[in-house]
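Chain residues, written in single-letter form:
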Amino acid sequence: MDITTRLQLLEAVRRADQANAAHTAASRACSRATQAAVEALTRLVHCDRQLAEASGPDRIRHGDMLDAARQTYAESGRRKHAARTKLRRTFVAARTANRELAALYGPHARGRATGGKRRSAVAASVLDELAAMPLDLIRAADAILVHSSAGKDSLVMLHRLATWAAQAGCKDKVVVVHCDLGDTSEWPGVRELAQRQAERYGLRFVAIDADGGLLGLVEKRGMFPDATRRLCTSTLKRDKANVLLTAIVTALGLDRQALIINCLGIRAAESTARSRKLPLSIDTRTSNGKRLVLTWHPIFTLSDAEVWQEIASEGLEYHPAYDALIPRLSCVFCVLAGFSVLVRAVRLCWALDLPLPQQYKDLEARIGHRFKEQYSLADVIKEAARIEAEEGPLTWRPGDAIRDQLGDTAADYYLHRLALAA
Ligand code: SF4
């Protein structure tokens, strides 16, 4: 099966899924409309009976109630009719979409997964194949968005993608997208580093400003996000990146569906939730008739050590916060970080003379909402002060992140390479 057929299959799976979901929603709406019509009829019969039994001034009131019940019943009938029409329409659309998928897949089905969950099995098998052929995928794409936080995983992902894009002769398709949350959210120099990392490969760089960053979002909502209500990622990053995605598709000006690949440096080893994701998947949220959007995690299977190994051996520039053994280049006070990481972040802020700990502590007091359910940022600051009293200020050396992961020799070699490149 060639890549064009594979991509056509994915689009057919997407359309079939979408059509089935629309039919399921229409079916539920139809049940609700039928139930509403039954209730309206019951009410009408009741009002009719009450009017028959009423006398004197009560007849006027019951007459009005009967009129209202008649209107409600008539309206419920119209709604039920519209819902049934929509149900029939979505049924036909779902049947057509599934038939189209079957016709497209049939000639290639031999020896491939089908089973009970036919559509998802087809998609999974095709996506697995595509993930294993990065150069073809890059050649087939109309645009490739590389979402970079400037962190270590983004860095290695970017290095791999830039290398593949250069091999495929497609560097012009790549756009490195960085969501800049501002200096009240992130460590200093993150945006500049993301830009340098992209420019090293001669790639286009676009920074998206998230006005107010995490601090502004919390101030506005009066509460900190958490793992279950992670509004920060969707509001500050995903929604804004989607606007850029639409602009890129419009600028392409294609008279066919565009293939857009969204690349993220997510790895299975990071968390249980992330390990459940797939290396390549259809982004059903942003795909539509104008664009098929695939989400690609090119370094999905790498371990922490492998990421650092690649940074060291390729001499890639990483953010100095890692040398202070901050494990992720996220927001300085990420709502998903553990207590010990937050304590270290407070100490690093003090070492760098950043006002963030006090700003976040003040914010907590102002909105009356703790940074986390289990503890406040004031608790974190207290613990950081206790450790500083015992150990003194936080210190680190360039290359400590690599030293910590891979040992002294690797760190010395890395620093030597960076010095040569400077
Ligand atoms: S880094 Fe953490 S706090 Fe910042 S946007 Fe992402 S999840 Fe939210």
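About the thresholds
- Residues numbered from 1 in each chain as written.
- Predicted model: local features only at pLDDT ≥ 70, side-chain atom pairs only at ≥ 80, totals over all residues.
- Heavy atoms only, no water.
- Helix = DSSP H or I, 4+ residues; strand = E, 2+ residues; numbered from the N terminus.
- Rg over C-alpha atoms; globule rule 2.2 N^0.38 Å.
- Buried < 20%, exposed > 50% of the residue type's maximum accessible area, 1.4 Å probe, protein only.
- Contact = heavy atoms within 4.5 Å.
- Areas by Shrake-Rupley, 256 points an atom, 1.4 Å probe, with all protein chains shown as cover.
- Lys, Arg positive; Asp, Glu negative; His and termini not counted.
- Charge placed at Lys NZ, Arg CZ, Asp CG, Glu CD.
- Pairing = 2+ DSSP bridges.
- Right-handed = clockwise from strand over helix to strand, strands pointing away.
- Salt bridge = Lys/Arg side-chain N within 4 Å of Asp/Glu carboxyl O.
- Phe/Tyr/Trp six-rings, centres within 6.5 Å; stacked < 30°, edge-to-face > 60°.
- Axes fitted to C-alpha atoms, helices over the stretch in contact; angles between N-to-C directions.
- Near = heavy atom within 4 Å.
- Nonpolar A, V, L, I, M, F, W, Y, C, P; charged D, E, K, R; others polar.
- Core = buried A, V, L, I, M, F, W, Y, C linked by side-chain atoms within 4.5 Å.
- Arc of directions from axis to C-beta.
- Patch = residues over 30% accessible without salt bridge, like charges linked within 9 Å, V, L, I, M, F, W, Y side chains within 5 Å.
- Parallel < 35°, antiparallel > 145°, perpendicular 65-115°, else oblique.
- Domains from an automatic or database assignment.

Asks: A description of the overall build of the protein chain should follow, citing residues and the corresponding values.
Replies: Helix and strand content of the protein chain: 15 helices and six strands. Expected size for 422 residues packed as a compact globule is a radius of gyration near 22 Å; at 29 Å, the protein chain overshoots this value by more than 25%. The principal-axis extent of the C-alpha atoms belonging to the protein chain is close to 95 × 60 × 40 Å. Looking at the protein chain residue by residue over its 422 residues, the buried ones come to 45%. Taking as baseline every contact in the protein chain between residues at least 6 positions apart, the subset at least 24 positions apart corresponds to 75%. For the protein chain, the accessible surface area stands at approximately 21700 Å², while carbon and sulfur atoms represent 53% of it. In the protein chain, which carries 60 positive and 49 negative side-chain charges, the distance between the mean positions of the two groups comes to 10 Å.

Asks: If you had to explain the pairing of strand E4 (residues 258-263) to someone new, which residues and values would you point to?
Replies: By the criterion of burial, E4 is predominantly enclosed, with six of the six residues buried. Burial along E4 is two-sided: Ala 258, Ile 260 and Asn 262 facing one way and Leu 259, Ile 261 and Cys 263 facing the other are all buried.

Asks: For the pairing of strand E2 (residues 174-180), give the residues involved together with the corresponding values.
Replies: Along any regular strand, the residues point their side chains to alternate faces of the sheet. The buried count for E2 comes to seven of seven residues, which makes it a mostly enclosed element. Here E2 shows two buried faces, one formed by Val 174, Val 176, His 178 and Asp 180 and the other by Val 175, Val 177 and Cys 179. Relative to E2, strand E1 (residues 143-147) is paired through four bridges, and the arrangement is parallel. Among the inter-strand pairings, His 147 is bridged to a residue of E2, identified as Val 177. In this view, the connection linking E1 to its parallel neighbour E2 by way of helix H5 (residues 152-168) has right-handed handedness. Summarising the sheet, E2 and strand E3 (residues 204-209) pair through six bridges and their orientation is parallel. Among the inter-strand pairings, Asp 180 is bridged to a residue of E3, identified as Asp 209.

Asks: Which residues make up the pattern of salt bridges, and what values go with them?
Replies: Summed over all chains, the structure comprises 26 salt bridges. Between Arg 78 and Glu 75 there is a salt bridge, with the nearest N and O atoms lying 2.9 Å from each other. Of this pair, Arg 78 and Glu 75 both sit in helix H2 (residues 58-105), three residues apart, which is roughly one turn of that helix. Judged by relative accessible area, Arg 78 falls into the exposed class, the value being 53%. For Glu 75, a relative accessible area of 29% gives the class partly exposed. Across the pair Glu 75 and Arg 79 runs a salt bridge whose closest N-O atoms are separated by 3.8 Å. On the criterion of helical spacing, the pair formed by Glu 75 and Arg 79 is a turn pair, its members being four residues apart in helix H2. Here the salt bridges do not stand alone but share partners, grouping Arg 397, Asp 400, Arg 403, Asp 408 and Asp 412 into one network.

Asks: A description of the packing of aromatic side chains should follow, citing residues and the corresponding values.
Replies: Aromatic ring pairs are defined here through the distance separating the ring centres and the angle between the ring planes. A full pass over the atoms with the stated rule returns eight aromatic pairs. An angle of 25° between the planes, with centres 5.3 Å apart, marks the rings of Tyr 318 and Tyr 414 as stacked. You can see Tyr 318 sitting in the loop between helix H10 (304-314) and helix H11 (339-352) and its partner Tyr 414 sitting in helix H15 (residues 408-421), a full 96 residues away along the chain. Taken individually, Tyr 318 and Tyr 414 each receive the classification buried, so the pair is uniform in this respect. Taken together, the ring pairs connect Trp 308, Tyr 318, Tyr 322 and Tyr 414 into an aromatic cluster.

Asks: Quick rundown of the sheet that holds E3? Include the residues and the values.
Replies: As summarised here, the arrangement of the six strands in space is E3-E2-E1-E4-E6-E5, forming an open sheet in which the pairing is mixed. Edge positions in the sheet fall to E3 and strand E5 (280-282), since each of these pairs with one other strand and no more. Adjacent strand axes in the sheet meet at a mean angle of 25° when their direction is disregarded.

Asks: Account for the site of the ligand, with residues named and values stated.
Replies: By nearness alone, every residue bordering the ligand is listed as Leu 214, Arg 230, Cys 232, Thr 233, Lys 237, Ser 330, Cys 331, Cys 334, Val 335 and Leu 336. Considering every element that reaches the shell around the ligand, the biggest residue donor is helix H8 (residues 231-252), with three residues. Across the shell around the ligand, the residue classes tally to six nonpolar, two polar and two charged.

Asks: Describe the nonpolar core, listing the residues and the values that go with them.
Replies: Judged by nonpolar contacts, the single largest core of 104 residues is most densely connected at Leu 10, Trp 187 and Phe 333. A per-element tally of this core places H5 first, with nine residues. Setting aside chain neighbours within four positions, we find Phe 333 in contact with Leu 214, Leu 342, Ala 345, Val 346, Cys 349, Leu 356, Pro 357, Tyr 360, Phe 371 and Leu 377. Ala 143, Val 175, Leu 245 and Ile 260 belong to the second-largest nonpolar core, a separate cluster that totals 15 residues.

Asks: Residues and numbers for helix H6 (residues 190-199), please.
Replies: Taken together, the buried positions of H6 are occupied by Val 190, Leu 193, Ala 194, Gln 197 and Ala 198. In an axial view of H6, the angular spread of the buried residues amounts to 135°, which keeps them on one side of the axis.

Asks: Please give an account of a positive patch on the surface that cites residues and values.
Replies: A cluster of basic residues, Arg 230, Lys 237, Lys 277 and Arg 328, forms a positive patch at the surface. Mapping Arg 328 onto the fold places it in the loop between H10 and H11. For Arg 328, a relative accessible area of 39% gives the class partly exposed.

Asks: Report on the packing of helix H7 (residues 213-221) against helix H12 (residues 356-367), specifying residues and quantitative values.
Replies: Following both chains from N to C, one finds H7 and H12 inclined at 10°, their axes separated by 10 Å at the closest point. As far as their axial angle goes, H12 and H7 are roughly parallel. Note on element contacts: H12 touches H7 through Gln 359, Tyr 360, Leu 363, Arg 366 and Ile 367, opposite Leu 214, Leu 215, Val 218 and Glu 219. Split into classes, the residues belonging to the contact of H7 with H12 amount to six nonpolar, one polar and two charged.

Asks: Describe in detail the domain arrangement of the protein chain, supporting the description with residues and values.
Replies: Looking at the protein chain, the domain boundaries give domain 1 (3-123), domain 2 (134-296) and domain 3 (313-421). Taken over C-alpha atoms, the centre of domain 1 sits 53 Å from the centre of domain 3.

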